[in-house]
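Summary of structural features
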Amino acid sequence: MPIEHVTARTVTKPWGVAHPRPWTQPRCAGTPIGELWYERAGADRTPASLLLKLLFTSQPLSIQVHPDDAFARLIGLPNGKTEAWYVVEAAAGAKVALGLSHSCSPQQLRRAIEDGSIADLVAWRSVAVGDVVSVPAGTIHAIGAGLVIAEIQQRSDTTFRLFDYGRQRDLHLDCAVAAANAGVGEPDAQAIHVSGQRTLLVANRHFVLERLVLPPESTWCLEANRETWLLALSGSATIGSVEIAAGGAVYAEAETASIHIGAASVTCLVAYTGDVARNLLQAHKQPYSGDASTSERVLTPAPISLDDGAATRGRKGTTNEETSAYRVHRQSFASPLRNSDLHPRSA
């Protein structure tokens, strides 16, 4: 399957921004753009498992929760929604909320939604460019103003709102209480440096998220053995026959493609399904000739194996992922790669 240049569909939101440049151009003056959804062209395409987005916030989003797979199926949906955020831009003092400041019972959560005190119960934390936040399904969360966030998620648009800052949109009291793990958020954890170019940010049963930093005038080979999304954050590159720059994205599956980097280094996010890819990226000793056999393989880890209980240690009846691989990640570029770092441990 050839590399596909995916399109970015704008989605208006009351908390969006009027001028989301340089990521996209607004179509109508004064219409706030809140999200870009990256989509494959063609109605006959097999639906992807993941959804890649950019979010732009001038106001806080609603306080919300997404169902896990089990709850989603109970209400007739194919799957739940676990997601992860990468902070692309952040104004001074920008914050996100993950979990509650203290655990509460379903009855206490219901009362907090009804009287609006849930707004004081969520646990806000400051974020900066490069921070990564993993949001397991069932986690109560929110995104504050002044942020550009790249989001990768299970393909679902199901959101249960708990609080909406007076925007007169519906709240979803019963479903929110039923779906939520009304507990505290996970503590920070470090990302894992797989190689000089690869940083593993999030790995769970639904997707893997990595950051690649590729130097100027270099050539690489990308092995996309399963559903793979790549979003450029800076610089420009040619991937296969597709040219992309900041804000551009491609989709690949069962494909090996060359990546040619231009005069400036490229930073990009790569998200894919399955375990951590052992040979996601290969460096070429010589300028790319179309023969992958001339490449030099980058040292990368064996696939992460999630133990059977790793994704069921949340509230009984949910599948909230509560191992260290699912926590909020603040990037660190000094920690060495150790074999023990590549396997999730119990929280």
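Residues numbered from 1 in each chain as written. Predicted model: local features only at pLDDT ≥ 70, side-chain atom pairs only at ≥ 80, totals over all residues. Heavy atoms only, no water.

1. Quick word on the pattern of salt bridges
This is how it is decided: Salt bridges are counted wherever a side-chain nitrogen of Lys or Arg sits within 4 Å of a carboxyl oxygen of Asp or Glu. Going along the chain from the N terminus, every DSSP run of H or I of four or more residues is numbered as a helix, and every run of E of two or more is numbered as a strand. Burial status follows relative accessibility: with a 1.4 Å probe on protein chains alone, a residue under 20% of its type maximum counts as buried, one over 50% as exposed, and anything between as partly exposed.
Scanning the model with the defined rule gives 9 salt bridges in all. One salt bridge connects R9 with E39, and the closest N-O pair in it is separated by 3.1 Å. Here E39 lies in strand β3 (residues 33-39) and R9 lies in strand β2 (residues 7-17), a separation of 30 residues in the sequence. With relative accessibility at 37%, the residue R9 sits in the partly exposed group. Exposure remark for E39: the relative accessible area of 21% places this residue in the partly exposed category. For R167, the salt bridge goes to D164, with nearest N and O atoms at 3.0 Å. What you see here is one network of salt bridges that share partners, running through E35, K53 and E151.

2. Observations concerning the side chain of Q64
The criterion, for reference: We define a polar contact as two N or O atoms separated by no more than 3.5 Å, with the added condition that, inside protein, one atom must be a possible hydrogen donor and the other a possible acceptor, whereas residues neighbouring each other in sequence contribute only through side-chain atom pairs. Working rule for contacts: check all heavy atoms of both residues, and any pair within 4.5 Å makes them a contact.
Structurally, Q64 can be placed in strand β5 (residues 63-65). Polar contacts involving the side chain of Q64 include one to the side chain of H66, which spans 3.5 Å. Discounting residues that sit within four places of it in the chain, Q64 has contacts with T139, I140, H141, T159, F160, R161 and L162.

3. What about the environment of L162?
Turning to its location among the elements, L162 is positioned in strand β12 (residues 160-163). For the pair L162 and H172, spaced 10 residues apart in the sequence, the C-alpha separation amounts to 6.5 Å. Contact partners of L162, with chain neighbours within four places excluded, come to I63, Q64, V65, L109, I113, I118, I140, L171 and A176.

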